[in-house]
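Structural features, examined
Now for the letters of each chain:
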Amino acid sequence: MKVDTAQFVISAKDLEACPASSLPEFAFIGRSNVGKSSLINMLAAKKELAHTSSKPGKTQLINFFKINQAWHLVDLPGYGYAKLSKSKQQAFNRDISAYLTERTNLKHIFLLVDSQIEPQGGDLSFAEWLQQCGLSYSIIFTKTDRSSEIQVANHAQRFVEELEAWALQPTEIFYCSAKTKKGRGLLLQWIDRQLPKKPKKKPTNRLNLDWMQR
Ligand code: GTP
Ligand code: MG
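This text gives an overview of the structure that appears in the document.

What counts as what
Residues numbered from 1 in each chain as written. Chains lettered and ligands numbered in written order. Predicted model: local features only at pLDDT ≥ 70, side-chain atom pairs only at ≥ 80, totals over all residues. Heavy atoms only, no water. Helix = DSSP H or I, 4+ residues; strand = E, 2+ residues; numbered from the N terminus. Buried < 20%, exposed > 50% of the residue type's maximum accessible area, 1.4 Å probe, protein only. Contact = heavy atoms within 4.5 Å. Areas by Shrake-Rupley, 256 points an atom, 1.4 Å probe, with all protein chains shown as cover. Donors = N, O, S within 2.8 Å, 3.2 Å for Na, K, Ca; no water. Pairing = 2+ DSSP bridges. Axes fitted to C-alpha atoms, helices over the stretch in contact; angles between N-to-C directions. Near = heavy atom within 4 Å. Polar contact = N/O pair within 3.5 Å; in protein donor to acceptor, adjacent residues only side chain to side chain. Nonpolar A, V, L, I, M, F, W, Y, C, P; charged D, E, K, R; others polar. Parallel < 35°, antiparallel > 145°, perpendicular 65-115°, else oblique. Left-handed = near helix turned anticlockwise from the far one by under 90°.

1. Notes on the overall build of the chain
A count of helical and extended segments in the chain gives 6 helices and 7 strands. Along the chain, helices (α) and strands (β) appear in the sequence β-β-α-β-β-α-β-α-β-α-β-α-α when read from the amino end. Along the first, second and third principal axes, the C-alpha set of the chain runs to 80 × 40 × 35 Å. Within the chain, the fraction of its 214 residues that count as buried is 44%. Excluding contacts between residues fewer than 6 apart, the proportion of contacts in the chain whose partners are at least 24 apart in sequence is 76%. Of the roughly 12500 Å² of accessible surface on the chain, a fraction of 50% belongs to carbon and sulfur atoms.

Printed below as a string of structure tokens:
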């Protein structure tokens, strides 16, 4: 899929504030600083579409981006941000879980996992929660440019083994780097396949008698 247009739509604080839209949505969730906003910019091929930061906790709202006037990319705040107060943490859990479980046009969730580190209990628990809710989700291993291929493969394999041990079955597994654009083509192609097919132009069946006038 070619991305022709990518626009910021709105930042919503909770489900009620989300735009009334029936466009198919694809949401990105994961630990704070895992690279969600960077990946969205990489997919959209727009450097500063979503705000990124080297400090965790940058994205605090539900951010909507419209792609090709046809579907939404949704950038969510990260979980596991230690500096969040307890009440903010509870509000985050309530608002994000309401968005993920009740947004009717949400087609798929991408759970981002840092390929540089050992499997983390928090990521596995999140995947377990998605599955318990009956939500459709895939895993994206991020920042693959930061470690050797062997190390990425090793961490990914161990994460997948943990998923199996927890009886978790994501739809797909992707490997991405926002820096090198690794995985961009495959991810966009996969999203494209989930979008409703555009109706083919019907051949016109109107009889053309212009030639009789000549
Ligand atoms: P929050 O909004 O705080 O939850 O973070 P986030 O998951 O949106 O992460 P963000 O995209 O802001 O990236 C965090 C940091 O990781 C930034 O310094 C990015 O430049 C860096 N980063 C993200 N993706 C990659 C990547 O693929 N490769 C490298 N080398 N750095 C990356
Ligand atoms: Mg972010």
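2. Considering the coordination of the magnesium ion (ligand 2)
Those protein atoms acting as donors to the magnesium ion (ligand 2) are Ser37 (OG) and Thr59 (OG1), and they sit at 2.0 to 2.2 Å. Of the two residues, serine 37 is situated in helix α1 (residues 36–44) and threonine 59 in the loop between α1 and β3 (62–67); the sequence distance between them amounts to 22 residues. As far as the burial class goes, serine 37 and threonine 59 line up, both buried.

3. A look at the sheet that holds strand β4 (residues 71–75)
Strand order across the open sheet formed by 7 strands is β1-β3-β4-β2-β5-β6-β7, with mixed pairing between neighbours. Taken across any chain shown, the strands that pair with only one partner, and hence form the sheet edges, are β1 (6–12) and β7 (173–175). The sheet shows a mean angle of 25° between the axes of neighbouring strands, direction not considered. Here 6 bridges tie strand β2 (residues 25–30) to strand β5 (residues 106–114), and the two strands are oriented parallel to one another. By the bridge assignment, glutamate 25 is partnered in β5 with leucine 106.

4. Some points on the site of ligand 1
Residues in contact with ligand 1 amount to 21 residues; listed here are only the nearest, Lys36, Ser38, Thr59, Asp145 and Ala178. A distance of 2.9 Å separates an oxygen atom of ligand 1 from a polar backbone atom of glycine 35. Between ligand 1 and the protein, one listed contact pairs an oxygen atom with a side-chain N or O atom of serine 38 at 2.6 Å. When ligand 1 is considered free in solution it has 650 Å² of accessible area, and contact with the protein chains removes 88% of it. When its residues are assigned to classes, the shell around ligand 1 shows 3 nonpolar, 12 polar and 6 charged.

5. Let's talk about the environment of glutamate 118
Positionally, glutamate 118 belongs in the loop between β5 and α3 (121–132). In terms of polar contacts, glutamate 118 uses its side chain to reach the side chain of arginine 158, at 2.2 Å.

6. What about the packing of helix α2 (residues 86–102) against α3?
Orientation of α2 relative to α3, taken along the N-to-C sense of each, is 40°, at an axis distance of 11 Å. Here α2 is positioned oblique relative to α3, judged by the angle of their axes. Viewed along their axes, α2 and α3 form a crossing whose handedness is right-handed. Along the contact surface, α2 presents Ser97, Leu100 and Thr101, while α3 presents Phe126, Trp129 and Leu130.

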